[in-house]
Structure formats: C-alpha cells, structure tokens
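Tertiary structure, described
Spelled out, the chains give:
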Amino acid sequence: VKDVYIQHLGAFDKESTIELLETSVRFRVFSHVLICHMDQHVSQQERMFPASTTTQSAFLAQDLNTKSSHNSFFYSAAQNLEHLPNIFSNLFHFYKSRNFAQLTALQQSDELEVYCLSAYHRLVDGALKFGASVAANGNYQQAAKKVLCGKIPSHLRTHARIGIARRLINAYSMANRALFFKLYREQCTIMEQAVLFPLLDHFRLICIRVMSKNKAVRMPGN
C-alpha cells in the first residue's frame with residue numbers, strides 16, 4: 001500500500017489502484033481473524049501441531065499478547081487494523097471519480113462490500129474499545145451508521161446491500177440477537193462475516209446482560 005501511495009499509482013491507473021487497495025483491505029481483515037481469533041482451534045487440540053509436522057513453527061508458537069524484542073515474527077493486530085480507516089478513505093475518494101452504473105457487476109459488488117466493511121469495522125472497533133455496554137456508549141454505533149449515510153453516494157444509500165448493513169447495525173444497537181445472527185449467517189458475505197467475527201462473543205455478552213436485567217434468563221429446570 002505504501003508503494004501505491006509513494007509512486008502515485010492512482011494518478012496513472014485508477015482501476016488497478018482500487019483493486020490493490022481492496023485486496024489490502026481483505027488481507028488485513030483475514031489476517032487479523034486467522035492470527036488473532038483462530039488460535040483456540042489449535043490450543044484445544046491434544047497435540048498443538050499436526051502429527052505430520054516434525055518441526056514446530058516459531059510463528060505459530062508465539063504469544064500474540066506479549067511483545068518481545070527477540071521475536072522476529074511479531075504481529076501487531078493494532079498496527080494492522082489502524083491502517084484500515086485510511087485505506088477506506090482513499091477508496092471512497094477513488095469511488096467518487098467513477099460512474100457506478102458503468103462498472104461490471106463484480107466491480108459494483110466489490111464497491112458495495114467495501115462500504116459495508118467500513119461501517120462494520122467502525123462498529124467493531126468502537127464496541128471493543130468501549131466495553132460491553134450498548135446504551136452508555138452509542139457514539140460508535142452512530143459513527144458506523146454515518147458511514148452508510150454520509151460516506152456513500154446518495155444514489156446507493158437505498159441499495160439492498162446497504163439496507164442489510166443498516167439493519168444489522170440497528171439489530172446490534174437494540175441487542176436483537178435473533179435478527180443480528182440471522183443477517184450475519186444468511187446475508188453477509190464471507191468478508192463481512194470476517195470483519196464482524198471479533199464482535200460476536202462481545203455481542204453475546206451484551207445480550208446476556210440485557211436478558212439478566214429484564215429477568216428473562218431462566219435456569220434449566222426452573
């Protein structure tokens with residue numbers, strides 16, 4: 001991405017720049033999920049590595065929660081994700097300079113997906129920073145909705161894909177777990193599910209807290 005900016009590729013080949021930036025977004029989202037949220041599938045095994053692996057990988061064995069100056073494979077989730085807003089901003093700038101109606105179906109789908117990913121990333125980032133309280137920290141939810149209202153061209157705000165994203169964010173705000181997970185499973189793309197994945201357990205805790213306050217939680221046998 002840095003090379004794209006330094007060499008001003010966008011001034012010479014806009015479409016290639018857009019494709020590279022969209023690929024960078026996908027890479028950063030998937031790498032975060034696979035490295036930071038999939039380790040439980042490894043640690044819960046009786047053997048940490050498959051039997052066919054004779055040499056344990058220093059990369060897989062590292063503790064991502066600690067920073068070691070001796071670790072040449074160090075991965076920073078925060079550093080990885082903090083670049084996303086800037087990439088989204090640049091993509092939005094390039095999107096404004098092209099005619100959506102003249103794009104191929106795949107290009108249109110990619111552009112709509114990036115709009116949704118930007119809103120979901122804002123939601124996840126705010127939720128994990130402000131803790132398991134929906135009502136007390138609603139600003140990040142409004143910020144996610146503003147992406148769908150202010151950052152997107154007016155003629156796309158009524159598109160079905162944008163409507164799904166708006167409904168999912170509203171379901172989160174209202175702690176409507178049934179609608180939230182229905183949309184997540186049935187309507188979100190793989191990329192959208194990946195960017196939302198770190199939020200799932202957090203949202204489940206919010207729903208449990210809401211049910212507890214409403215005295216709607218019943219223990220088995222009661």
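In this report, the structure presented in the accompanying data block is examined. Residue positions are counted from 1 within each chain, in the order its sequence is given. Only residues with pLDDT of 70 or above have their local features reported here, since the model is predicted, and side-chain atom pairs are shown and tallied only from 80 upward, although totals for entire chains, interfaces and linings are computed over all residues. By convention in this description, side-chain values take in all heavy atoms of the structure and omit both hydrogens and water.

**Concerning the overall build of the protein chain**
Here a strand is any run of E in DSSP of at least two residues, a helix any run of H or I of at least four, and the numbering for each starts at the N terminus. When its secondary structure is counted, the protein chain shows 13 helices and zero strands. Helices and strands appear in the protein chain in the N-to-C order α-α-α-α-α-α-α-α-α-α-α-α-α. Three exposure classes are used, based on accessible area relative to the maximum for each residue type with a 1.4 Å probe and protein chains only: buried under 20%, partly exposed in between, and exposed over 50%. Looking at the 222 residues of the protein chain, the share that counts as buried comes to 35%. Contacts are assigned to residue pairs that have any heavy atoms within 4.5 Å of one another. Counted over contacts in the protein chain with a minimum sequence separation of 6, partners at least 24 positions apart contribute 66%. Element-wise, carbon and sulfur atoms account for 54% of the exposed surface of the protein chain, whose accessible area totals about 13700 Å². In this description, accessible areas are obtained by the Shrake-Rupley approach with a 1.4 Å probe, and a residue is regarded as covered only by the protein chains that are shown.

**Quick look at the packing of aromatic side chains**
Remark: the centre distance and the inter-plane angle together describe each pair of aromatic rings, the angle taken between the planes. Aromatic pairing here means that ring centres of Phe, Tyr or Trp (its six-membered ring) are within 6.5 Å. Orientation follows from the plane angle: under 30 degrees is stacked, over 60 is edge-to-face, and everything else is tilted. Under the definition given, this model contains eight aromatic pairs. The interplanar angle of 25° and the centroid separation of 6.5 Å between the aromatic rings of F88 and F92 together place this pair among those described as stacked. Of this pair, F88 and F92 both sit in helix 7 (residues 84–96), four residues apart, roughly one helical turn. Exposure remark for F92: the relative accessible area of 8% places this residue in the buried category. The structure contains a cluster of three or more aromatic residues connected by ring pairs, namely Y140, Y172, F180, F181 and F203.

**Thoughts on the pattern of salt bridges**
Basic side-chain nitrogens of Lys or Arg form a salt bridge, by our definition, when they fall within 4 Å of a carboxyl oxygen of Asp or Glu. Across all of its chains, the model carries seven salt bridges by this definition. One salt bridge in this structure joins E192 and R161, with 3.4 Å as the shortest N-O distance. Separated by 31 residues along the polypeptide, E192 in helix 12 (residues 190–196) and R161 in helix 10 (residues 160–173) bring together distant segments of the chain. Neither E192 nor R161 differs from the other in exposure class; each is buried. Taking the shortest distance from any N to any O, the salt bridge between K182 and E186 comes out at 3.1 Å. Taken together, the positions of K182 and E186, both in helix 11 (residues 177–186) and four residues apart, correspond to about one turn of that helix. One network of salt bridges, with partners in common, ties together E15, R98 and E111.

**Brief notes about the nonpolar core**
Nonpolar cores were defined as sets of buried Ala, Val, Leu, Ile, Met, Phe, Trp, Tyr and Cys residues, with membership established by side-chain atoms within 4.5 Å. Residues V25, L91, Y120, Y172, F180, L196 and L199 are the most contacted members of the largest nonpolar core, which totals 52 residues. Sorting elements by how many residues they give to this core places helix 8 (residues 105–130) first, with 10 residues. For L91, the contacting residues outside a window of four places in its chain are I18, L21, E22, V25 and V114.

**A look at the state of the cysteines**
What we call a disulfide is simply a covalent bond connecting the sulfur atoms of a pair of cysteines. Two cysteine sulfur atoms form a disulfide, by the criterion used here, when they sit within 2.5 Å. Enumeration over the complete set of coordinates arrives at zero disulfides. You can see C116 has no disulfide; the closest cysteine sulfur is in C188, sitting 8.0 Å from it.

**Let's talk about a nonpolar patch on the surface**
Patches draw on residues past 30% relative accessible area with no salt bridge. Two like charges within 9 Å are joined, as are two nonpolar side chains (Val, Leu, Ile, Met, Phe, Trp, Tyr) within 5 Å. Together, F30, L34 and I190 give the surface a local cluster of nonpolar side chains, amounting to about 310 Å² of exposed area. Within the fold, I190 resides in helix 12.

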